[in-house]
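Spelled out, the chains give:
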Amino acid sequence: MNPPSSVYADFNPEDYGLPNEQEIASWISGYTALPSNSPRAQPITEGVHPVIVAEQNARDSHTRAYFSDEKIGRIDTPLALRRVGSRSLKNIREDFPILAERIENKPVIWLDNAATTQRPKQVIERLVQYYEHENSNVHRGAHALAARSTDAYEAAREKIARFIGAPDKEDIVYVRGTTEGVNLVAQSYVKPLLNPGDEIILTQLEHHANIVPWQQIAQETGATLRIAAVDETGQILLSEYARLFSKKTRFAAFTHVSNALGVITPAEEMIAIAHCFGVAALVDAAQSVPHLPINVTALDADFLVFSGHKIFGPTGIGAVYGKKTFWEAARPWQGGGNMIADVTFERTQYRAAPAKFEAGTGNIADAIGLGAALDYVSAIGLAHISRYEHDLLEYATKTLSEIKGVRLIGRAAQKTGVLSFVLEGRSVEEVGQHLSKAGIAVRAGHHCAQPILRHFGLEATVRPSFAFYNLPEEIDALARVVRSLA
Ligand code: PMP
């Protein structure tokens, strides 16, 4: 098999009416516009730095898209009336059996949604239905159960494609989760492009899953990593990010939402800047897909990865979206059954994507369970979910920031429902343990994102993270414990 070449390798920005490298260098030091084909291209106010305009556009668009409409599920309504879209919160919570669990004789308060979410009974029941009525291997065996499981498995792939706005279900490759997805792209597509001295661009916000795989292939090929900086609120400095690109850049990978801070990055602008340099970009959407409406086509993402368990689906299943041209250029990373068209002892012919990247028997039941989770979330509506969670975030930010000794980390204007804080005079572990005794589950630690915490001079924080089934009363309970320790 030929090694994959970069689909953008022969890319000449000027053929597409895009600025060349010198022009881009001049935006950074001068006053010209964003690439004119960027969906965000706006008339530039004279004398305002173009990257500042891009940053402002990113900010405004997030505000417009998610937060500025009339608020739904306001936190000052009584619980019985509180709604997320057309569903009452009481009714939503009844879908999640584990929320009725008691810990230390108190109702469990699940504020660890960035680590994993809870599953509604619709997902649990779908798994039971699969094992009771459909279980079979897929794609092989001409019998009724094989047809049932294959149909359900492929229908789930279609649901994933629709959920993230992918043009075709064949663009979706099943993986174990975000971590495996990043490794797949690193090994299959990016590693064969790398030569000594080449560069991959990441950001300070990344989860270890979006650092280590790139570090590994960089070490193996002599490439290096370049890291985009954040400002004091934890937001990417677009000008710094743009400045990292050069002829040596082969790939960019960044998170859409920081798991440690909840900061939403200006993904569309970051992708547009990468494309101006003929570089493809991967979006780690582990923390964004469950909380914000995402459309890979509108974003123009080249690759996007996410995990089922963070979007109310099963563990052990996730997806990678890739543009067709990139899947065609990429080499398979694992060999085995299912991914082949023909095998002799001399050579193997591979099937097209997604099969080419899905060697062996996949996680059939959990893929189908993920499809059920996406149906569940779609029925409530991500626009409603993101608005309600934003209300929770505002309420929690206000409540916690009023507690003496609490230092909130990462207070960017665009955030999902994640708070990261430390409490003066108390260790992070101590706060976590006291919360746990009160039945409140939060994450206390480094959140697999050590570089960004160290950037803020910390080794660990306490991180409550919200989902649409959380209540302001649960935030009050959290605040009571923190206040008692302050
Ligand atoms: N990226 C981000 C931003 C994450 O939050 C996580 C999970 N905490 C991952 C990657 C890794 O996801 P998984 O463990 O499901 O592979």
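## Section: the overall build of the protein chain
Each helix and strand counted, the protein chain has 16 helices and 19 strands in total. In the protein chain, buried positions account for 59% of the 486 residues. Long-range contacts, defined here as pairs at least 24 residues apart, represent 70% of the contacts in the protein chain between residues at least 6 apart. Put simply, the protein chain shows about 19900 Å² of open surface, and 50% of that area lies on carbon and sulfur atoms.

## What to know about the packing of helix α13 (residues 382-401) against helix α16 (residues 472-485)
The N-to-C vectors of α13 and α16 enclose an angle of 20°; their axes lie 10 Å apart at closest approach. One element, α13, and the other, α16, form an angle in the roughly parallel class. Handedness of the crossing formed by α13 with α16: right-handed. In this structure, α13 uses Tyr388, Leu392, Tyr395, Ala396, Thr399 and Leu400 to contact α16, whose residues at the interface are Pro472, Ile475, Asp476, Leu478, Ala479, Val482 and Arg483.

## Side note on unusual backbone geometry
Residues other than glycine predominantly adopt negative phi, and peptide bonds predominantly adopt the trans conformation. The omega torsion across alanine 353 and proline 354 is 5°, close enough to zero to call that bond cis. Here proline 354 is to be found in the loop between β14 (348-350) and α12 (364-380). Residues other than glycine seldom take positive phi values, yet phenylalanine 312 does so here, at roughly 70°. Considering the arrangement of structural elements, one finds phenylalanine 312 in the loop between β11 (303-307) and β12 (318-322). When its relative accessible area of 0% is taken as the criterion, phenylalanine 312 is described as buried. Even without being glycine, histidine 447 reaches a positive phi, approximately 60°. Its place among the elements puts histidine 447 in the loop between β18 (443-445) and α15 (450-455).

## A look at the pattern of salt bridges
Applying the stated rule across the entire model yields 27 salt bridges. The salt bridge partner of arginine 93 is glutamate 474, with a shortest N-O separation of 3.4 Å. Pair noted here: arginine 93 is in helix α3 (residues 89-94) and glutamate 474 is in helix α16, with a separation of 381 residues, a long-range link. A salt bridge links lysine 191 to glutamate 220, with the shortest nitrogen-to-oxygen separation between them at 2.8 Å. In this pair, lysine 191 is assigned in the loop between α6 (178-190) and β7 (199-203) and glutamate 220 in helix α7 (residues 212-221), connecting sequence segments 29 residues apart. Taken together, the salt bridges that share partners define one network made up of Glu154, Arg157, Lys169, Glu170 and Glu358.

## Let's talk about the site of the ligand
Residues in close proximity to the ligand total 13 residues, the closest being Thr179, Asp284, Gln287, Ser307 and Lys310. A distance of 2.6 Å separates an oxygen atom of the ligand from a polar atom in the side chain of threonine 179. If the ligand stood free it would expose 390 Å²; the protein chains cover 85% of that surface.

## Topic: the nonpolar core
One finds Ile164, Tyr241, Leu304, Phe306 and Phe468 to be the most contacted residues of the largest nonpolar core, which totals 108 residues. Looking at this core, the element that brings in the most residues is α12, giving nine residues. Other than its neighbours up to four places away in sequence, isoleucine 164 contacts Ile172, Val289, Ile294, Asn295, Val296, Leu304, Phe306 and Tyr321. With 29 residues, the next largest nonpolar core counts Ala186, Ala280, Leu282 and Trp327 among its residues.

## Some points on α12
If you check α12, its first and last C-alpha atoms are 25 Å apart, about what 17 residues at 1.5 Å a residue would give, namely 24 Å. When you tally the buried positions in α12, you get 14 out of 17 residues, the bulk of the element. Immediately beyond the C-terminal end of α12, within one or two residues, lies glycine 381, with a positive phi of roughly 100°.

## Overview of the confidence of the model for the protein chain
In this model, the protein chain carries a mean pLDDT of 88, and residues with pLDDT of at least 70 account for 83%. A low-confidence stretch, residues 1-6 stays under pLDDT 50, and its non-local contacts, those more than four residues away or across chains, total 15 contacts. Low pLDDT, under 50, characterises residues 28-50; the stretch is placed with 43 contacts to residues that sit more than four places away or in other chains.

## Some points on the pairing of strand β9 (residues 249-255)
Side chains on a regular strand alternate between the two faces of the sheet. Among the seven residues of β9, six are classified as buried, and the element is accordingly described as predominantly covered. The pairing of β7 with β9 spans three bridges and is parallel. Each bridged residue has a counterpart across the sheet, and for isoleucine 200 the counterpart in β9 is phenylalanine 251. The pairing of β9 with strand β10 (residues 280-284) spans five bridges and is classified as parallel. From the neighbouring strand, threonine 255 faces β10, where its bridge partner is aspartate 284. Regarding topology, helix α9 (residues 267-276) serves as the crossover connection from β9 to the parallel β10, and that connection is right-handed.

## Digging into the side chain of glutamine 287
Residue position: glutamine 287 is located in the loop between β10 and α10 (296-299). Glutamine 287 sits in the buried class, given a relative accessible area of 6%. A distance of 2.8 Å separates the side chain of glutamine 287 from the backbone oxygen of alanine 114, its partner in a polar contact. If we skip the residues at most four places from it in the chain, glutamine 287 touches Ala114, Val257, Asn259, Lys310 and Thr416.

## A few points about the packing of helix α14 (residues 428-437) against α16
Relative orientation of the contacting elements α14 and α16 amounts to 130°, with a least axis distance of 10 Å. The angle between α14 and α16 falls in the class oblique. Between α14 and α16 lies a crossing of right-handed hand. Residue-level inspection shows Val431, His434 and Leu435 of α14 in contact with α16, the latter providing Leu478, Val481 and Leu485. Grouping the constituent residues of the contact of α14 with α16 by class yields five nonpolar, one polar and no charged.

Parameters at a glance
Each chain has its residues counted from 1, running along the sequence as written. The predicted nature of this model means local features are confined to residues of pLDDT at least 70 and side-chain atom pairs, given and counted, to a pLDDT of 80 or more, with totals for whole chains, interfaces and linings taken over all residues. Side-chain measures here rest on the full set of heavy atoms in the structure, leaving out hydrogens and waters. The helix count covers DSSP runs of H or I at least four residues long, the strand count covers runs of E at least two residues long, and both are numbered beginning at the N terminus. Only protein chains enter the area calculation, which uses a 1.4 Å probe; residues under 20% of their type maximum are buried, those over 50% are exposed, and those in between are partly exposed. Only heavy atoms enter the contact rule, under which two residues are in contact if any of them lie within 4.5 Å. Calculation of accessible area relied on Shrake-Rupley with a 1.4 Å probe; when residues are assessed, cover is drawn exclusively from the protein chains displayed. Note on geometry: axes are lines fitted to C-alpha atoms, helical ones only across the stretch in contact, with angles between N-to-C directions running from 0 to 180 degrees. An angle counts as roughly parallel when it lies under 35 degrees, as roughly antiparallel when it exceeds 145, as roughly perpendicular when it falls between 65 and 115, and as oblique in every other case. The hand of a helix crossing depends on one turn: near helix anticlockwise from the far one by less than a right angle means left-handed, and clockwise means right-handed. Salt bridge, as used here: a side-chain nitrogen of Lys or Arg that lies within 4 Å of a carboxyl oxygen of Asp or Glu. We call a residue near a molecule or strand as soon as one heavy atom of that residue lies within 4 Å of the molecule or strand. Whenever a nitrogen or oxygen atom comes within 3.5 Å of another N or O atom, the pair is scored as a polar contact, on the condition that within protein one atom can donate a hydrogen and the other can accept it, and that pairs from neighbouring residues in sequence are kept only if both atoms are in side chains. What we call a nonpolar core is a set of buried Ala, Val, Leu, Ile, Met, Phe, Trp, Tyr and Cys residues that are connected through their side-chain atoms within 4.5 Å. Here the expected length of a helix is defined as 1.5 Å per residue gap, with one fewer gap than residues. One confidence number per residue, pLDDT, is output by the predictor and ranges from 0 to 100. A pair of strands is labelled paired if DSSP reports no fewer than 2 bridges between them. By convention a crossover is right-handed if, when the strands point away from the viewer, the path from the first strand over the helix to the second runs clockwise. Here the nonpolar group is Ala, Val, Leu, Ile, Met, Phe, Trp, Tyr, Cys and Pro; Asp, Glu, Lys and Arg are the charged ones; every other residue, Gly included, is treated as polar.

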